[in-house]
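# What the coordinates show
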Amino acid sequence: MTSGKKTKATRNSVAAARSSVVASKPKPWGTILAVIAVLALAGGVFGYAYMQIHENNVKEAALAKWKPSDTNKDPSTALAGIVTKEYKGSRHVEPTQRVAYDQTPAFGGPHDAQWADCTGVVYDKAVRTENMVHGLEHGAVWIAYNPDQVKDDALTKLKAKVEGIPYMMLSPYPGLDKPISLQSWGHQLKIENADDERVDQFISSLLRNPNTYPEVGASCENTAFLSNPAPFVAEKPGADAVPMDGGKDDSVTEGQPQNPSTPPASGSASTPPSS
Amino acid sequence: MSVPETDEVSGRPSGVVRALVIGAAVLAVLLLGAAVGLLVKLPGSTSSTAAPASGSVDVGFCQDMSMHHLQGIQMANIARDRSTDPEIRQLAFDISSTQLEQVGRMKGWLMMWNEHEQNISGVYMKWMDAAGVHGHGATTPEAGKPLMPGMATTDELTRLRTGPAGREFDVYWLQLMLRHHVGGAPMAEYAATAAGQSVVRTLSDNMLKSQSAETELMKDYLAKRGAAPLP
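Residues numbered from 1 in each chain as written. Chains lettered and ligands numbered in written order. Predicted model: local features only at pLDDT ≥ 70, side-chain atom pairs only at ≥ 80, totals over all residues. Heavy atoms only, no water.

## Here's the deal with helix α5 (residues 198-206) of chain A
Residues and elements named next belong to chain A. With 7 of 9 residues buried, α5 lies mostly within the body of the structure. Within α5, the full set of buried residues consists of Val199, Gln201, Phe202, Ile203, Ser204, Ser205 and Leu206. Looking at the buried residues of α5, the elements they touch are β5 (141-145), β6 (168-172), β7 (180-184) and β8 (187-191). Directly beyond the C-terminal end of α5, a positive phi value near 50 degrees is found at Arg208. (Buried < 20%, exposed > 50% of the residue type's maximum accessible area, 1.4 Å probe, protein only. Helix = DSSP H or I, 4+ residues; strand = E, 2+ residues; numbered from the N terminus. Contact = heavy atoms within 4.5 Å.)

Put into structure tokens, the structure is as follows:
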């Protein structure tokens with residue numbers, strides 16, 4: 001350590017001896033190492049626990065992001081491309097009447113008294129919109145697809161999200177401007193393909209979300225409709241169609257038997273969702 | 001090797017080192033305490049009044065049994081529409097009204113717990129995986145297969161709705177409903193003991209008992225009509 005001079009070897013050795021004695025007290029290496037070891041262990045355990053919990057929180061947060069709750073009543077508003085509109089639970093129309101919907105496909109507004117059965121139903125043929133909208137009012141999610149663009153694998157994927165799953169319905173929608181359009185009451189999201197993660201996110205956010213549909217607790221069952229679904233009407237609604245606000249005066253819109261030859265007639269002829 | 005430097009003022013250096021040692025020891029204790037705090041839940045925090053976590057038996061049971069029940073209600077309602085046999089219509093009413101009421105309870109709890117009112121994960125009965133449940137547990141449905149044990153397929157429901165009426169309908173309905181009851185029983189059985197909430201344990205235990213009685217009744221009804229349960 002120290003390069004002592006031989007002339008003062010004795011003094012040095014004494015000093016060295018003293019210093020070593022003095023130094024041995026303030027430098028308890030064993031204790032220091034033990035403390036460092038404990039510190040490292042504690043840091044490790046804390047770090048591990050923190051990471052585990054953090055990871056868990058991140059996972060939960062990712063899930064919770066699309067789960068309606070007291071503090072996040074409508075998670076769908078965070079979905080890119082979502083379109084929302086405020087619709088009240090609205091009046092019913094006759095099987096022969098059309099509604100002048102403001103959206104395509106419609107996702108709210110006046111609708112037929114018969115709701116389209118939404119007990120996890122895959123409709124092979126396009127269904128009358130006035131009935132589908134009533135299904136939405138009961139908390140269902142309706143997946144509409146353009147039958148010219150969505151087939152085979154893509155269609156199989158959509159079916160798997162619907163068949164047998166309560167409050168889900170799937171139907172072709174001729175002339176749809178995007179391959180797939182998701183509807184729930186007051187909400188719509190149009191997407192390009194069935195693999196889009198937003199399909200599940202939309203469903204998670206809105207399926208029977210008690211904050212977003214008017215008739216909480218309503219049933220999706222309608223056996224009569226399921227046995228004989230009202231067919232889609234391609235023609236645009238005529239001037240006598242029920243407006244979105246349901247008509248100022250019900251008696252005016254109801255009392256229109258004098259012109260049954262306008263477009264609704266073609267729909268009404270093949271639209272008997274009886275009983 | 002900076003060791004020699006500390007010994008320049010003899011007697012004092014121990015103060016610095018001691019402060020360091022004590023500081024480090026305190027830090028270590030705090031870190032350990034924090035880690036233990038993160039890892040350990042106080043007994044009170046899992047009391048039966050706290051909302052059960054996502055993925056718990058309580059949430060899973062309420063979600064999956066609601067879905068299972070809804071199909072039972074659906075089938076019972078078809079019998080109310082189609083059967084002309086007072087015995088069948090009475091049983092169908094009992095099943096649909098009871099199960100709808102139970103679904104309402106379960107969905108009410110799920111709403112209080114801020115959970116989805118139905119399972120949207122596409123994997124059912126995962127909550128039964130925890131303990132050694134004999135042969136049951138998570139099911140991932142395939143196309144054309146039922147979502148959960150005992151449930152009818154779309155084709156079977158279509159036949160129930162549109163097939164022949166009369167005695168043939170009654171028998172087929174009894175067969176499907178019997179299978180439905182039997183298939184749902186393991187869920188109720190599991191939740192009756194494994195659920196954390198006493199209200200869930202009570203309800204599932206109750207389902208188990210009342211449905212066992214109905215199961216026996218339906219077997220009798222089938223025998224009376226000269227038919228057997230589905231294989």
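There is more to say, and it comes next.
## Describing the UniProt feature "transmembrane region" (unreviewed entry) in chain A
Residues given the UniProt feature "transmembrane region" (unreviewed entry) here are residues 29-50 of chain A. Secondary structure within residues 29-50 of chain A divides into 100% helix and 0% strand; the distance between the first and last C-alpha atoms comes to 31 Å. (UniProt positions renumbered as here; feature names shortened; annotations may be inferred.)

## Thoughts on the confidence of the model for chain A
All names here are of chain A. In this model, chain A carries an average pLDDT of 84, and 80% of its residues clear a pLDDT of 70 or more. The model gives residues 1-5 a pLDDT under 50, and that stretch makes 2 contacts with residues more than four places away or in other chains. Predicted confidence for residues 249-275 stays below pLDDT 50, and this span has 34 contacts to residues more than four positions away or in other chains. (pLDDT = per-residue confidence, 0-100.)

## Points about the packing of aromatic side chains
Residue and element names in this part refer to chain A. Counting across every chain of the model gives 8 aromatic pairs over all chains. Ring plane angle 70 degrees and centroid distance 6.1 Å describe the contact between Tyr87 and Trp185, whose orientation is recorded as edge-to-face. One end of the pair, Tyr87, is in the loop between β1 (83-84) and β2 (92-93); the other, Trp185, is in the loop between β7 and β8, and 98 residues separate them in sequence. Across the pair, exposure class does not vary: Tyr87 and Trp185 are buried alike. A centroid spacing of 6.1 Å and a plane angle of 55 degrees characterise the contact between Trp142 and Tyr173, whose relative ring orientation is tilted. Placement of Trp142 in strand β5 and of Tyr173 in the loop between β6 and β7 is noted, with a sequence separation of 31 residues between them. Judged by relative accessible area, Tyr173 falls into the buried class, the value being 9%. An aromatic cluster is defined as three or more aromatic residues linked by ring pairs; in this entry it consists of Tyr87, Phe107 and Trp185. (Phe/Tyr/Trp six-rings, centres within 6.5 Å; stacked < 30°, edge-to-face > 60°.)

## Section: helix α2 (residues 29-64) of chain A
Spanning 36 residues, α2(A) covers 51 Å between terminal C-alpha atoms, matching the ideal 52 Å at 1.5 Å per step. If you check which residues of α2(A) are buried, you get Ile32(A), Val35(A), Ala42(A) and Ala49(A). (Expected span 1.5 Å × (residues − 1).)

## Side note on the packing of helix α2 (residues 57-82) of chain B against helix α6 (residues 198-224) of chain B
Residue and element names in this part refer to chain B. At their nearest, the axes of α2 and α6 sit 11 Å apart, and the two run at 35 degrees to each other. In this structure, α2 meets α6 at a crossing whose hand is left-handed. Each of Asp58, Phe61, Cys62, Met65 and His69 in α2 lies in contact with α6, whose residues at this interface are Val200, Ser204, Met207 and Gln211. Considered class by class, the residues forming the contact of α2 with α6 number 5 nonpolar, 3 polar and 1 charged. (Axes fitted to C-alpha atoms, helices over the stretch in contact; angles between N-to-C directions. Left-handed = near helix turned anticlockwise from the far one by under 90°. Nonpolar A, V, L, I, M, F, W, Y, C, P; charged D, E, K, R; others polar.)

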